[in-house]
Amino acid sequence: MRILLLGAAGFIGTNLAIELSKNECNDITLVDRCDHYFSHINRLRLDNVGVKVSELSVDTNFDEVLEGQDVVYHLVSTTVPANSNKHISEELVSNIVLSSNVLDACVRCNVKKVVFISSGGAVYGKESTSPLSEIMPTNPISSYGIQKVAIENLLYLYRHVYGLDYRVVRLSNPYGPYQRPDGLLGAVSTFTYKALRNEVITVYGDGEVVRDFLFIDDAIKAIMKIASEESEYRTFNVGCGYGTSINDVIKTISTVLKTDLKVIYKEGRKSDVPVNYLNIKRYETLYGPLATVSLEEGIRQTAAFMKEYYCIDFVQ
Ligand SMILES: NC(=O)c1ccc[n+]([C@@H]2O[C@H](COP(=O)([O-])OP(=O)(O)OC[C@H]3O[C@@H](n4cnc5c(N)ncnc54)[C@H](O)[C@@H]3O)[C@@H](O)[C@H]2O)c1
């Protein structure tokens, strides 16, 4: 099968490419604007994975990019929740219009399926009560969430009008190897990295914000399962199904690494929903258990990866 990943050199794209490449029948192309992010995947020298450096924009000729592909994973997002709401109209153009252009090209190029990574953390907003299920209303409080909902709706439209098949993955908060520990996304990875380097951890708000944390291996298995199976549903929550506060994440990292962490608290961010965790019954009823790695074990594996990958000399 010919598989294309757009926005592929990042955290999810790298892990997804590694897993997809294990099937020798897959011929995988990764597209990303950032040459140096490809260093992770290039180091692995995977035979059936090719990379292309290209800045995707509303002016891109997507027919050239998509020609001959069977499945397209759409992982491009020009923003993250933390810096969303700063340039709302620009963000909507660069994500929604771009996605519409991608879908037009998918129709012309006879792509069989589009898999879109939406956000279980951003699409529901703060009005519904967790655990949040797929049938609950979507009221995002960030333009990041607005663009995700809009692209989900575009997928529905393109199926209705052109018969283009798709899956939407409303992903919670994945963490683990290859996540950039730069503090913009991913509390677990960022805090683990800082703890290993004995650096100060910054928490926005009082640390009682609750999130649904999922180890990346479980997330990737779920995404691939959703992409490959037929189902009456096209939209799936993917998370661990329960909430953990940021303060509890910090305690767990401290326990796993057997070290005290230096933490400072700063004013909370408006785009942060106070409590968010997902109802994952739809997935589990069809495909079985989703989260198989505990937070403790996930942190242990993330720390082991970071020590080796970033050559961190951490002594417990
Ligand atoms: N990581 C999470 O916590 C999380 C949770 C839910 C949903 N998602 C979604 O999953 C997708 C992938 O996330 P990730 O964590 O791998 O992010 P990431 O930042 O690690 O990777 C995204 C990649 O997309 C590339 N990219 C962005 N705009 C591009 C453009 N215009 N042209 C070409 N490449 C471009 C970036 O260079 C980057 O390598 C995103 O759509 C994100 O919104 C992520």
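Before any of the text, the structure's been laid out above.
On a predicted model such as this, the values are computed, not experimentally measured, just so you know.

The rules we used
Residues numbered from 1 in each chain as written. Predicted model: local features only at pLDDT ≥ 70, side-chain atom pairs only at ≥ 80, totals over all residues. Heavy atoms only, no water. Helix = DSSP H or I, 4+ residues; strand = E, 2+ residues; numbered from the N terminus. Rg over C-alpha atoms; globule rule 2.2 N^0.38 Å. Buried < 20%, exposed > 50% of the residue type's maximum accessible area, 1.4 Å probe, protein only. Contact = heavy atoms within 4.5 Å. Pairing = 2+ DSSP bridges. Axes fitted to C-alpha atoms, helices over the stretch in contact; angles between N-to-C directions. Core = buried A, V, L, I, M, F, W, Y, C linked by side-chain atoms within 4.5 Å. Parallel < 35°, antiparallel > 145°, perpendicular 65-115°, else oblique. Left-handed = near helix turned anticlockwise from the far one by under 90°. Nonpolar A, V, L, I, M, F, W, Y, C, P; charged D, E, K, R; others polar. 1 Å grid on protein atoms, 1.4 Å probe; cavity = no way out; pocket = protein on both sides within 12 Å on 5 of 7 lines; lining within 4 Å. Points joined across faces, edges and corners; volume = space filled by probe spheres on them. Phe/Tyr/Trp six-rings, centres within 6.5 Å; stacked < 30°, edge-to-face > 60°. Lys NZ or Arg CZ within 6 Å of the ring centre and 35° of its normal. Near = heavy atom within 4 Å. Polar contact = N/O pair within 3.5 Å; in protein donor to acceptor, adjacent residues only side chain to side chain. Expected span 1.5 Å × (residues − 1).

(A) Up close: the overall build of the protein chain. A count of helical and extended segments in the protein chain gives 10 helices and 13 strands. Expected size for 316 residues packed as a compact globule is a radius of gyration near 20 Å; at 19 Å, the protein chain falls within 12% of this value. If one aligns the C-alpha atoms of the protein chain with their principal axes, the spans along those axes are about 55 × 45 × 40 Å. Out of the 316 residues in the protein chain, the part that is buried amounts to 55%. Within the protein chain, residue pairs in contact and separated by at least 24 positions form 79% of the contacts whose partners lie at least 6 positions apart.

(B) How the structure looks around the sheet that holds strand β5 (residues 113-119). A sheet is described by the order of its strands in space; here 7 strands give the open sequence β3-β2-β1-β4-β5-β6-β11, paired in parallel fashion. Taken across any chain shown, the strands that pair with only one partner, and hence form the sheet edges, are β3 (49-53) and β11 (235-238). Neighbouring strand axes in the sheet, compared pairwise and without regard to direction, differ in orientation by 20 degrees on average. The pairing of strand β6 (residues 165-171) with β11 spans 4 bridges and is classified as parallel. From the neighbouring strand, Val169 faces β11, where its bridge partner is Phe236. Packing of helix α5 (residues 143-162) onto the sheet brings it into contact with β5 and β6, and relative to β5 it is tilted by some 155 degrees.

(C) Highlighting the nonpolar core. By size, the foremost hydrophobic cluster in this structure holds 71 residues, and its most contacted members are Leu5, Ile12, Leu30, Tyr73, Phe191 and Ile223. A per-element tally of this core places helix α7 (residues 216-228) first, with 7 residues. Among residues more than four places away in sequence, those in contact with Ile12 are Leu75, Ile117, Leu171, Pro174, Ile216, Ile220 and Ile223. Counting residues in each nonpolar core, the second largest holds 26 residues, with Phe62, Val76, Cys109 and Val114 among its members.

(D) Representation of the packing of helix α8 (residues 246-257) against helix α10 (residues 295-309). Contact pair α8 / α10: the axes reach a minimum separation of 10 Å and the direction vectors enclose 60 degrees. One finds that α8 runs oblique with respect to α10. Seen along the crossing, α8 lies across α10 with a hand that is right-handed. Packed against α8, whose contacting residues are Val249, Thr252, Ile253, Val256 and Leu257, the element α10 presents Leu295, Glu296, Ile299, Arg300 and Ala303 at the interface. Residues belonging to the contact of α8 with α10 are distributed by class as follows: 7 nonpolar, 1 polar and 2 charged.

(E) Highlighting the layout of surface pockets. The calculated volume of the second largest pocket comes to roughly 250 Å³. When contributions to the lining of the second largest pocket are tallied by element, the ones reaching two or more residues are β4 (71-74) and α7. A per-element tally of the lining of the second largest pocket places α7 first, with 3 residues. Grouping the constituent residues of the lining of the second largest pocket by class yields 7 nonpolar, 3 polar and 2 charged.

(F) How the structure looks around the packing of aromatic side chains. On inspection of all chains with the given rule, the structure shows 10 aromatic pairs. Consider the rings of Tyr178 and Phe305, whose centres lie 4.8 Å apart with planes at 65 degrees: the pair is edge-to-face. Taken as a pair, Tyr178 in the loop between β7 (173-175) and α6 (187-196) and Phe305 in helix α10 lie far apart in primary sequence, 127 residues in all. Like Phe305, Tyr178 is buried. Taking 5.8 Å as the distance between ring centres and 40 degrees as the angle between the ring planes, the aromatic pair formed by Phe236 and Tyr287 counts as tilted. Here Phe236 is found in strand β11, whereas its partner Tyr287 is found in helix α9 (residues 281-287), with 51 residues between them in sequence. Each member of the aromatic cluster is reached from another via a ring pair, and the members are Tyr178, Tyr193, Phe305, Tyr309 and Tyr310. Residue placement shows Arg180 over the ring face of Tyr37; its charged tip is 4.0 Å from the ring centre.

(G) Local environment of the site of the ligand. Around the ligand, a shell composed of 24 residues is seen, among which Ile12, Asp32, Leu56, Tyr144 and Lys148 lie nearest. Contact between the ligand and Leu75: an oxygen atom at 3.1 Å from a main-chain N or O atom of the residue. When residues of the shell around the ligand are traced back to their parent elements, those giving at least two are α1 (11-20), β5 and α5. Split into classes, the residues belonging to the shell around the ligand amount to 13 nonpolar, 6 polar and 5 charged.

(H) Fine view of α8. The terminal C-alpha atoms of α8, which comprises 12 residues, lie 17 Å apart, in line with the 16 Å expected from a rise of 1.5 Å per residue. The buried fraction of α8 is high, at 9 of 12 residues. Ile246, Asn247, Val249, Ile250, Thr252, Ile253, Ser254, Val256 and Leu257 are the residues of α8 that are buried. Next to the buried residues of α8 lie α6, β8 (200-204), β10 (213-215), β12 (244-245), β13 (262-266) and α10. Immediately beyond the C-terminal end of α8, within one or two residues, lies Lys258, with a positive phi of roughly 50 degrees.

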